[in-house]
Structures are given as structure tokens and as C-alpha cells.
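Descriptive structure summary
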Protein chains: 2
Amino acid sequence: MDSHIAPVALEKAYRLLNHGPTVLVSARHDGVDNVMAAAWACALDFSPPKLTVVLDKATRTRALVEGSGTFVIQVPTVALLALTHQVGTRSLIDEPAKLANADVKLVEIEGYDLPFVAGCAAWLACKVVPEPHNQQTYDLFIGEVVGAWADTRVFRNGHWEFADADPSLRSLHYVAGGQFYAIGESLVVDEKTA
Amino acid sequence: MDSHIAPVALEKAYRLLNHGPTVLVSARHDGVDNVMAAAWACALDFSPPKLTVVLDKATRTRALVEGSGTFVIQVPTVALLALTHQVGTRSLIDEPAKLANADVKLVEIEGYDLPFVAGCAAWLACKVVPEPHNQQTYDLFIGEVVGAWADTRVFRNGHWEFADADPSLRSLHYVAGGQFYAIGESLVVDEKTA
């Protein structure tokens, strides 16, 4: 990880997802790494921090998550727009060189046997909380966040600070058909007068 | 509802939430209406469309949802910033005039016995899919979307079109401590070359 990356306290980890970014889901099992995009990821609890993510049965990443019981949710940036769309529309099953073709660079974090995608704005290492009924019926997985990190150029002191940073570091928010939005303007309510 | 409101086909309803907006949850039971804000709402399925939302046991809205088995998820706009923060930080239990104090205007849609919040960009009428274990253990509710509408000034032909509209109509994305972001710039990947 480069010099901008810092750990995020677990009780603040939900804030990395609170504004609803599209995420990359990565997982490793039996020597295989994969990465997919997911718009359907959401915080679920504060402490211990938990999140939900929908993983379709057709995805290779889901099989890796089921095999290892672990995964990473990461927040890609505008600079990773093409990568995010590619890993969200292609499958490792049909395209063994998917990650190389999409220009995905994986990095390691000491103490975690997981593939982290370089260049993201935030990373949440997760352990599956097994809920077989949700997984089978709804493709819905619950993860407990066991480690969190962010790029201090855009997340510091427990808040996203996109305004002062390069626009290429903003989070992505997918709609459909190749259409994304970047996150926009900061709006702060004065809690004393609100 | 005003003249800008149009129904959204149910199979496109997930797109109203796909970009991760903070939502307002409203519900009606036994003559009581309430509205709360929730950052933890997420699409779950395409067809029939389903979504998840986290409703804390301390909220009055949750009791109304449990009582009626129905609720509305709606997408508030920048123009509703103060309202969204107020209904997210105050409780009807402590403040019986919460909705009037927060300047919430409710409107009706024919055929739905539900309170819809005026001025939002989109509305999803939902029926609870009972999952008692999720509700008790995780405060996680699953809703099947049975009706969807959007403001055609910002959502048409199945896509959000924020770029051409007044910035006051953009969706809100909550972080914490009164800090929100508006959704920002549109970014389109050419699916033929990606």
C-alpha cells in the first residue's frame, strides 16, 4: 500500500460505505483471486461493524467467498471507472485473464490473506457471518468488518473530504448501462441549529 | 402528486436506489404516520424488485412498518436537506409534532394507503417480505417494491438525468455528523469499447 493509506478505526468503518458508493468485491481461495463490481453493498451495523453485499450465484467471486469465508469490499475512484465497469461486466469463468485485461493491480496487507485492489479510496476486510437462508434465497451475504483502511487524501478524521482532493479520487455510484455518477458537493447541516 | 411525477416500470425500480442515496422511510399504521431518514437502504433484486433497509428497534417508524407490513422508501433532494437531517435525528416518540416541525408534507397516491413525502425525487411503495430472524438479529427488513414513481425532471427513460436539472433536485448521500454529499457529475462508459 502506498504512503497515503491509513487504518480506519473499526467503529468509523461504516462511514466508508454510508454515502452509497459502488464497490469492488475481491476474494481469494485455493490460489485463485477475483474481483467483481457490486452496486448492492450497504452498511448493516456500527459495532462490530457489519455490511451486506449481494453476490449473484453466477459469479466466480461468490464461489471464492463461499470457499474462504472472507472477502474485501473496496471503494473505487473515478480514476478506476473503466476498471470498475470491466470487472463488473466480465467473468473470470469466461476470461481467465480478466484481472490482467482490466488492468487490476492487487496489493497485500500484512496479516490478511486477501487480494486488495490498488488505487481504491477505501478497503474493508470482511469475514462472512454465515446465514445460509439469506445466501441461498436472496444472494445476500453479511460480512463482519475486521480491518479498514482509507486514502487520507479523501478520508480523514472519520469523514470523506472529497472537496479539497483531485476529482479523480471521488467515489463512483453506478446506475445502469455504463452510466455512473461521481460523488458531488459537500453539504453540512449545522447540528446545533437543525 | 404534482405534474412532474410519473410511474417507473417495476423492472427499472432498482435504478432509483442503485447510486446509493440516503432515503426517507415512511409508514402508516392505526392512524399514525411517521417518516425517518436511513442511509442503510439498498437494492436486493431486479424482478420482482426487492430492497433492504435497516430499521433500528428504537424507531417509531419500525413499529409502524411491523404493524402495517408496508412502507415507502423515497429519495429526498438537496432542497430537503434540513428536513432529511431533522427526521433522521428526532423521534416521534419524544416529539409528537415531529413531522410538522420538520416541515414534512405528505401526499397520497391512489390505491396505496401509505404516506408519501412531497418534494422527493423518487418513491418506492413496499410490502414487507417477512424474515423474523433478519429483523430481530440485524434490524434488517426486506421489502418487495409494489409501486414506483419518479420526478421526470431528474429520472426518465430508466436513468437519472441530474446534469440538466436544477442542482436542488440532486440526491443526498449521508456520511455522519450532519455531513452529506449531493450526487455529482455523470460519467458514461462506452459499453462497446469498454
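Residues numbered from 1 in each chain as written. Chains lettered and ligands numbered in written order. Predicted model: local features only at pLDDT ≥ 70, side-chain atom pairs only at ≥ 80, totals over all residues. Heavy atoms only, no water.

Moving on, we get to the overall build of chain A. Of the regular secondary structure elements, chain A holds four helices and 14 strands. For a compact globule of 194 residues, the expected C-alpha radius of gyration is about 16 Å, and chain A comes in at 16 Å, within 12% of that figure. By its C-alpha atoms, chain A is 50 × 35 × 35 Å across when sized along the principal axes. A separation of at least 24 residues holds for 66% of the contacts in chain A among residues at least 6 apart in sequence. Of the roughly 7,500 Å² of accessible surface on chain A, 51% is carried by carbon and sulfur atoms. Side-chain charges of chain A comprise 15 positive and 23 negative groups, with the mean position of each set lying 1 Å from the other. (Helix = DSSP H or I, 4+ residues; strand = E, 2+ residues; numbered from the N terminus. Rg over C-alpha atoms; globule rule 2.2 N^0.38 Å. Contact = heavy atoms within 4.5 Å. Areas by Shrake-Rupley, 256 points an atom, 1.4 Å probe, with all protein chains shown as cover. Lys, Arg positive; Asp, Glu negative; His and termini not counted. Charge placed at Lys NZ, Arg CZ, Asp CG, Glu CD.)

The subject of this paragraph is the UniProt feature "domain: Flavin reductase like" (unreviewed entry) in chain A. Those residues carrying the UniProt feature "domain: Flavin reductase like" (unreviewed entry) are residues 15–157 of chain A in this numbering. Counted over residues 15–157 of chain A, helix gives 20% and strand 45%. Its end C-alpha atoms are 11 Å apart. (UniProt positions renumbered as here; feature names shortened; annotations may be inferred.)

Attention now moves to the environment of S168(A). All names here are of chain A. By the element assignment, S168 lies in the loop between β12 (159–160) and β13 (172–176). Here S168 falls in the partly exposed class, since its relative accessible area comes to 27%. The spacing of S168 and A39 is 129 residues in sequence and 19 Å in space, taken between C-alpha atoms. Those residues within four positions of S168 in sequence are excluded, and the remaining contacts are T77, V78 and A79. (Buried < 20%, exposed > 50% of the residue type's maximum accessible area, 1.4 Å probe, protein only.)

The biggest cluster of nonpolar side chains holds 111 residues, and the ones touching the most others in it are F71(A), I73(A), W160(A), F71(B), I73(B) and W160(B). The contact partners of F71(A), leaving out residues within four places of it in the chain, are V25(A), S26(A), A27(A), L51(A), V53(A), V65(A), L114(A), L124(A), A125(A), C126(A), V128(A) and G143(A). (Core = buried A, V, L, I, M, F, W, Y, C linked by side-chain atoms within 4.5 Å.)

Attention shifts here to helix α1 (residues 60–68) of chain B. For the α-helix, the turn length of 3.6 residues means that residues three or four positions removed from each other point alike. All names here are of chain B. Along α1, the residues classified as buried are T61, R62, L64 and V65. Projected down its long axis, α1 shows its buried positions confined to an angular sector of 160 degrees, all on one face. On its buried side, α1 packs onto β2 (23–29), β3 (32–38), β6 (70–75), β9 (122–129), α4 (132–138) and β10 (140–151). At the exit of α1 stands G69, carrying a positive phi of roughly 75 degrees. (Arc of directions from axis to C-beta.)

Let us look at the interface of chain A and chain B. Taken together, the contact between chain A and chain B spans 52 residues of the former and 52 residues of the latter. Counting each side, the surface lost to burial between chain A and chain B is near 4,700 Å², with a carbon and sulfur contribution of 61%. On the chain A side of the contact with chain B, W40(A), Y181(A) and L187(A) bury the most area, a combined 17% of that side's loss. Our count for the contact surface shared by chain A and chain B stands at zero salt bridges. Counting residues per element, the side of chain A that touches chain B draws most heavily on strand β14 (residues 179–188) of chain A, at ten residues. For the side of chain A that touches chain B, the class distribution of residues is 29 nonpolar, 15 polar and eight charged. Here seven bridges tie β14(A) to strand β14 (residues 179–188) of chain B, and the two strands are oriented antiparallel to one another. Bridged to Q179(A) within β14(B) is V188(B). (Buried area = accessible area lost by both parts, 1.4 Å probe. Salt bridge = Lys/Arg side-chain N within 4 Å of Asp/Glu carboxyl O. Nonpolar A, V, L, I, M, F, W, Y, C, P; charged D, E, K, R; others polar. Pairing = 2+ DSSP bridges.)

All names here are of chain B. When you tally the buried positions in strand β13 (residues 172–176), you get five out of five residues, the bulk of the element. Pairing of β13 with β14, which is carried by four bridges, proceeds in the antiparallel orientation. Bridging across to β14, Y174 finds its partner in F180. Hairpin connection of β13 to β14: two residues between the antiparallel strands, including G177 at a positive phi of 55 degrees.

Before going further, it helps to examine the pairing of strand β7 (residues 106–109) of chain B. Regular strands show a simple pattern: their side chains alternate between the two faces of the sheet. Residues and elements named next belong to chain B. Sheet topology note: the β7/strand β8 (residues 112–117) ladder contains three bridges and is antiparallel. Among the inter-strand pairings, V107 is bridged to a residue of β8, identified as F116. From the end of β7 to the start of β8, which pair antiparallel, there are two residues, and G111 there has a positive phi angle of about 95 degrees.

Another aspect to go through is the environment of L24(A). With respect to the element layout, L24(A) can be found in strand β2 (residues 23–29). A residue is classified by how much of its surface remains accessible, and L24(A), at 0% relative accessible area, is buried.

Backbone geometry follows two general trends: most residues other than glycine have a negative phi, and most peptide bonds adopt the trans configuration. All names here are of chain A. Looking along the chain, the bond that leaves S47 and enters P48 is cis, with omega of -5 degrees. Note that P48 resides in the loop between β4 (41–46) and β5 (49–54). The phi dihedral of N157 falls on the positive side, at around 55 degrees, and the residue is not glycine. Structurally, the position occupied by N157 is in the loop between β11 (155–156) and β12. Note on N157: relative accessible area 71%, which makes it exposed.

Under the fitted operation, chain A is carried onto chain B by 0.0 Å of movement along the axis and a turn of 180 degrees, and the coordinates agree to an RMSD of 0.0 Å. Both chain copies can therefore be described as sitting about a two-fold axis. Interface overlap between copies: 100% of the residues of chain A at the interface are likewise at the interface in chain B, consistent with a symmetric, same-surface contact. (Least-squares fit on C-alpha atoms with pLDDT ≥ 70 in both.)

A full pass over the atoms with the stated rule returns 22 salt bridges over all chains. Residues R153(B) and D151(B) are paired through a salt bridge, measuring 2.7 Å at the closest nitrogen-oxygen approach.

Aromatic ring pairs: the centre-centre distance and the angle between the two ring planes describe each pair. For the structure on display, the rule yields 20 aromatic pairs over all chains. With a centroid separation of 5.5 Å and an interplanar angle of 85 degrees, the aromatic rings of F116(B) and W149(B) are classed as edge-to-face. Here W149(B) lies in strand β10 and F116(B) lies in strand β8, a separation of 33 residues in the sequence. In this structure F116(B) comes out as buried when scored by relative accessible area, which is 0%. A network of ring pairs unites the aromatic residues F155(A), W160(A), F162(A) and Y181(B) as a single cluster. (Phe/Tyr/Trp six-rings, centres within 6.5 Å; stacked < 30°, edge-to-face > 60°.)

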